[in-house]
Amino acid sequence: MKLQRTNRLRGIAVGALAVTGALVLTACGSDDNSGGGEKSPAASNIKCEGKGKLLASGSSAQKNAVDLWTKNYMAACGDTQINYKDIGSGGGIQEWLQGTTAFAGSDSALKPDEVANSKKVCKTGQGVNIPMLGGPVAIAYNLPGVKDLVLDAPTIAKIFDSKIKKWDDAAIKKLNPDAKLPSSDIQAFHRSDESGTTQNLGKYLGTTAKSDWGYEDEKSWPAKGGQSASGSSGVAQQVKQTEGAIGYFELSYATSNKLSTVKVDTGAADPVEATTDNASKAIADAKVVGKGKDLALELNYGTKADGAYPIILVTYEIACDKGNKKETLDATKSFLTYTASEDGQSTLSDNGYAPLPPEIAEKVRKLIPTLS
């Protein structure tokens, strides 16, 4: 996409934000996220519109966030049932392009060819990227006795490209001189499904370790070797149960599985830990590069600012600017209005996600009512 504007994002509110992927009016699906129970204080201002069964699909990065959002929304809006299928960003986009979903969730913006294909679905419009959550992509590991592991971009690239195969490799020892590193094999895990998380890791490595990572930043895993698992939850589970393992996924999965995460040597004064606050510092350096109503962002993966964690992602909800399905439009706009609201953002402060900068959150809030 051509650069339309480069509004630098200023300020990050403490909290967290996440939202569902794609919603579709159908009876088949999986992962019933029905809420029920008393209305959360953070859901007290929800304006319920539309009704029916809404099935969501897309990014697994936002799965943990979606569960809480859905619970709160359905407690307030009993006429709408929302289910979420965390099938990966690629799967979510494909379902939406096939016309089987109301909109898609993705950890990366639509490609030009996907925008072109979206005109078949939108008919009177085209797909636009609506940012809804930010957060760090953690590099988590299972290495008993080793705490505060530090890696830099070239070393991460070589590990996931099977060029560094032992934990006591000289490159790792140099970054961790005081650690008792075993001589055991590194068990590197990656996503088996098409994933925006994979693509964002690829963008980071392609930006900061060009000589060691000669791959395009695609949703499919590009390197040889390693082991695979489906979804962020699948990779996290493999790392948790495999001694000597390392993998990548959103911070919430590392936290819920009680996994140690790598501190990244970015060239700043100190190695940077994967936290929502540190990710927010990096996201604050993003730029809006979408055209018209499109709010696609360009992230600065090469940041060396003190305390800025560089391996980050933003999850988008992808819908038509015009030509959305009438039978699901009201409910999806109502749900997205809640997720983008201050109340909605405040519910997820302890779930490992970083909020959108206030400047962008306000743009999202203005955009959603204009969807037609």
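That block above? That's the structure.
Residues numbered from 1 in each chain as written. Predicted model: local features only at pLDDT ≥ 70, side-chain atom pairs only at ≥ 80, totals over all residues. Heavy atoms only, no water.

## Let's talk about the side chain of Ser195
So, point 1. Inspection of the secondary structure puts Ser195 in the loop between β7 (187-191) and α6 (196-208).
So, point 2. Classification of Ser195 as buried rests on a relative accessible area of 0%.
So, point 3. Within polar-contact distance, the side chain of Ser195 engages the backbone nitrogen of Thr198 at 3.2 Å. (Helix = DSSP H or I, 4+ residues; strand = E, 2+ residues; numbered from the N terminus. Buried < 20%, exposed > 50% of the residue type's maximum accessible area, 1.4 Å probe, protein only. Polar contact = N/O pair within 3.5 Å; in protein donor to acceptor, adjacent residues only side chain to side chain.)

## Considerations on the packing of aromatic side chains
So, point 1. Per the stated rule, a full pass over the model turns up eight aromatic pairs.
So, point 2. Ring centres 6.0 Å apart and planes at 70° place the aromatic pair Phe160 and Trp221 in the edge-to-face group. Taken together, the residues span a long stretch of sequence, with Phe160 in helix α4 (residues 153-160) and Trp221 in the loop between α6 and β8 (227-229) at a distance of 61 residues.
So, point 3. On the basis of relative accessibility, which here comes to 3%, the residue Phe160 falls in the buried class.
So, point 4. What makes Trp221 buried here is its relative accessible area of 14%.
So, point 5. Plain terms: the ring middles of Trp221 and Tyr248 are 5.7 Å apart, the flat faces sit at 20° to each other, and that makes the pair stacked. With Trp221 in the loop between α6 and β8 and Tyr248 in strand β9 (residues 245-250), this residue pair connects regions lying 27 residues apart in the sequence. For the pair Trp221 and Tyr248, one class covers both residues: buried.
So, point 6. Through a chain of ring-to-ring contacts, the aromatic side chains of Phe160, Trp213, Tyr215, Trp221 and Tyr248 assemble into a single cluster. (Phe/Tyr/Trp six-rings, centres within 6.5 Å; stacked < 30°, edge-to-face > 60°.)

## Notes on the state of the cysteines
So, point 1. By the definition in use, this model includes two disulfides.
So, point 2. There is a disulfide in this structure between Cys48 and Cys77, and the S-S distance comes to 1.9 Å. Disulfide Cys48 to Cys77: torsion about the S-S bond roughly -80°, handedness left-handed. One end of the pair, Cys48, is in the loop between β1 (24-25) and β2 (52-57); the other, Cys77, is in the loop between α1 (63-76) and β3 (80-85), with 29 residues separating them in the sequence.
So, point 3. Classification of Cys48 as partly exposed rests on a relative accessible area of 38%.
So, point 4. The buried category is assigned to Cys77, whose relative accessible area is 3%.
So, point 5. Residue Cys122 pairs covalently with Cys320 via a disulfide, S to S 2.1 Å. Given an S-S torsion of about -85°, the disulfide between Cys122 and Cys320 has left-handed geometry. Taken as a pair, Cys122 in helix α3 (residues 112-122) and Cys320 in strand β14 (residues 312-320) lie far apart in primary sequence, 198 residues in all. You'll find Cys122 and Cys320 in the same group, each marked buried.
So, point 6. Shown here for the protein chain is a disulfide pattern of 1-2, 3-4, where each number marks a bonded cysteine counted in sequence order. (Disulfide = S-S within 2.5 Å.)

## Things to note about the nonpolar core
So, point 1. If you look at the biggest cluster of nonpolar residues, it comprises 100 residues, and the most contacted ones within it are Ile139 and Ile246.
So, point 2. Looking at this core, the element that brings in the most residues is strand β5 (residues 127-141), giving nine residues.
So, point 3. Ile246 has contacts with Ile139, Ala140, Tyr141, Leu151, Ile159, Phe160, Trp167, Ile186, Gln187, Ala188, Phe189 and Val239, leaving out every residue within four places of it along the chain. (Core = buried A, V, L, I, M, F, W, Y, C linked by side-chain atoms within 4.5 Å. Contact = heavy atoms within 4.5 Å.)

## What about the environment of Gln62?
So, point 1. When you line up the elements, Gln62 lands in the loop between β2 and α1.
So, point 2. A relative accessible area of 0% places Gln62 in the buried class.
So, point 3. Sequence separation of Gln62 and Tyr316 is 254 residues, and the distance between their C-alpha atoms is 9.9 Å.

## Focus on helix α2 (residues 89-97)
An α-helix turns once per 3.6 residues; consequently, residues spaced three or four apart project the same way.
So, point 1. Most of α2 sits out of view: seven of its nine residues are buried.
So, point 2. Every buried residue of α2 is accounted for by Ser89, Gly90, Gly92, Ile93, Glu95, Trp96 and Leu97.
So, point 3. Positive phi appears at Gly99, one or two residues downstream of α2, with a value of about 80°.

## Things to note about the pattern of salt bridges
So, point 1. Scanning the entire structure with this criterion turns up 10 salt bridges.
So, point 2. Between Lys47 and Glu49 there is a salt bridge, with its nearest N and O atoms 3.5 Å apart. (Salt bridge = Lys/Arg side-chain N within 4 Å of Asp/Glu carboxyl O.)

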